[in-house]
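Spelled out, the chains give:
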Amino acid sequence: MAVAVVQRARELKEKDPQAAIRILHNIVKSDVSPSDEEATHAKEQAILEMGSLLKKTGQALELAGLIKFTRPFLSVVSKAKASKLVRALVDMFLDMEAATGQEIELCRECIEWAKEEKRTFLRQGLEARLVALYYDSKMFNEALALSSQLLRELKKLDDKLLLVEVQLLESKTYHALSNLTKSRAALTTARTTANSIYCPPKLQAALDLQSGILHAEDDRDFKTAFSYFYEAFEGYDSFEVNSRAVIALKYMLLMKVMMNAADEVSNIVSGKLALKYTGREVDAMRLIAEASKTRSLDTFKKTLTDYKAELVDDPIVRIHLDDLYDTLFEQNLSRLIEPFSKAQVQHLADLIKLPKNVVETKLSQMILDKKFHGILDQGDGVLVVFDAAPVDKVYEDTLDIIQSMGKVVDSLYTKAKLLS
């Protein structure tokens with residue numbers, strides 16, 4: 001009877017999901033006897049079907065309630081089935097990314113249940129999800145504490161797939177704390193472990209994405225970073241993980257801008273793979289590329305304001321855009337001062353449409369960095385530009401001659417010793 005009702009709900013789930021949920025809810029809230037295997041199995045299937053439907057219809061709070069409501073039923077089924085049921089429902093709930101505020105608490109409750117039931121593998125899997133939740137919630141110290149404890153256990157049990165996931169999370173957490181050395185070490189360990197097992201494509205894409213982020217920020221190797229982001233984009237795209245694929249695409253476009261190859265951005269955006277990801281993320285990077293190409297600070301600042309969520313609020317993008325802004329600022333100032341031997345700082349500020357103190361600070365920095373030769377006369381508010389002094393190579397040549405003579409003398413001394 002119960003099996004037929006579950007089947008009817010399955011038939012209804014495409015046409016009328018709410019009616020299917022109501023039917024399944026009646027089965028879920030009904031009591032079953034442990035000896036009635038058919039009813040127990042039907043209720044188990046009903047719970048999974050209802051969880052799937054609640055996820056599909058975006059009812060996150062109801063799904064959280066289902067996880068708590070079904071806890072007494074778990075004592076009726078075998079421990080293996082109970083573990084599978086809990087993990088499936090928790091994964092459904094967390095994959096929704098609904099930001100209900102209950103994610104961490106619910107995950108902790110399920111971990112406590114797993115500890116009570118002595119379900120070690122389930123507990124470790126849930127703790128890995130909890131580390132990810134801590135990271136997403138910016139609770140980095142908690143994430144590191146739990147991940148280090150979990151890594152010790154996983155190394156003993158040799159669960160390499162989960163080990164890679166936790167090592168990747170550790171790398172991301174260290175990166176968020178700006179500890180690039182430890183972040184790179186954790187990522188290297190994760191990639192080494194992943195090479196010894198079959199690594200699922202989604203996890204491989206996540207490893208490639210993190211590799212690209214570190215290459216771009218730590219080594220400033222934008223070409224290699226672009227290659228990693230492209231691999232990550234293809235991996236996410238092939239499994240239609242659109243939310244992550246568009247992030248990888250955005251970082252790809254950013255790398256092209258940072259490599260002074262802004263012309264190539266439009267070609268990538270209009271390519272077959274990228275066309276379906278057209279949206280605010282891609283539009284923002286296209287405008288940044290245009291600003292970089294035309295060296296327009298106005299377009300650059302306007303884009304940052306109009307696309308704040310996509311650019312400024314993304315810490316990975318923000319770091320590189322700060323560098324790009326400085327480069328554009330220097331290029332514009334260099335172009336403005338090129339015709340002058342003397343120029344009023346206020347006049348330069350008016351031309352570049354920025355406050356005088358900002359322009360003055362930047363000019364001081366450029367002089368100290370030897371981007372051009374000059375001084376700032378702050379009494380008169382004037383920039384005095386000098387012609388580049390010819391480099392006197394006499395001293396350098398003299399040193400080279402002395403070093404060469406030294407080598408000759410050493411060689412003659414060695415030969416003289418052999419003769420004697």
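Note that the structure is a prediction, hence the values are computed from the model and not measured.

(A) Geometry of the packing of helix α4 (residues 60-69) against helix α5 (residues 79-95). Relative orientation of the contacting elements α4 and α5 amounts to 160°, with a least axis distance of 10 Å. Between α4 and α5, the angle falls in the class roughly antiparallel. Classified by chirality, the crossing of α5 by α4 is left-handed. Along its contact with α4, which presents A60, L63, A64, L66 and I67, the element α5 presents L89, V90, M92 and F93. The residue makeup of the contact of α4 with α5, split by class, is nine nonpolar, no polar and no charged.

(B) Up close: the pairing of strand β3 (residues 382-385). Judged by which residues are buried, β3 turns out to be covered on both faces: V382 and V384 on one side and L383 and V385 on the other are all buried. When strand β1 (residues 342-344) meets β3, the two strands line up antiparallel, connected through three bridges. Note that in β3 the partner of Q344 across the bridge is V382. Sheet topology places strand β2 (residues 374-377) next to β3; four bridges connect them, and they run antiparallel. For D377, the partnering residue across the bridge sits in β3 and is V382. Hairpin geometry of β2 and β3 is characterised by an intervening segment of four residues between the two adjacent antiparallel strands and by a positive phi of about 65° at G381.

(C) Examining helix α16 (residues 297-306) more closely. Turning to α16, its buried residues are L297, F300 and T303. Angularly, the buried residues of α16 cover 130° about the axis, an arc narrow enough to put them on a single face. Turned more than 90 degrees away from the buried face of α16 sit K302 and T305, all of them exposed. For α16, the secondary structure elements touched by its buried residues are α15 (280-294), α17 (315-337) and α18 (345-352).

(D) Spatial organisation of the packing of aromatic side chains. As enumerated under the stated definition, the model contains five aromatic pairs in all. Relative to Y277, the ring of F233 lies with its centre 5.5 Å away and its plane at 70°, an arrangement referred to as edge-to-face. Of this pair, F233 sits in helix α12 (residues 222-238) while Y277 sits in the loop between α14 (263-269) and α15, and the two are 44 residues apart along the sequence. Residue classification places F233 among the buried residues on the basis of a relative accessible area of 2%. Ring geometry for F300 and Y325: centres 5.8 Å apart, planes at 35°, overall tilted.

Criteria and cut-off values
- Residues numbered from 1 in each chain as written.
- Predicted model: local features only at pLDDT ≥ 70, side-chain atom pairs only at ≥ 80, totals over all residues.
- Heavy atoms only, no water.
- Axes fitted to C-alpha atoms, helices over the stretch in contact; angles between N-to-C directions.
- Helix = DSSP H or I, 4+ residues; strand = E, 2+ residues; numbered from the N terminus.
- Parallel < 35°, antiparallel > 145°, perpendicular 65-115°, else oblique.
- Left-handed = near helix turned anticlockwise from the far one by under 90°.
- Contact = heavy atoms within 4.5 Å.
- Nonpolar A, V, L, I, M, F, W, Y, C, P; charged D, E, K, R; others polar.
- Buried < 20%, exposed > 50% of the residue type's maximum accessible area, 1.4 Å probe, protein only.
- Pairing = 2+ DSSP bridges.
- Arc of directions from axis to C-beta.
- Phe/Tyr/Trp six-rings, centres within 6.5 Å; stacked < 30°, edge-to-face > 60°.

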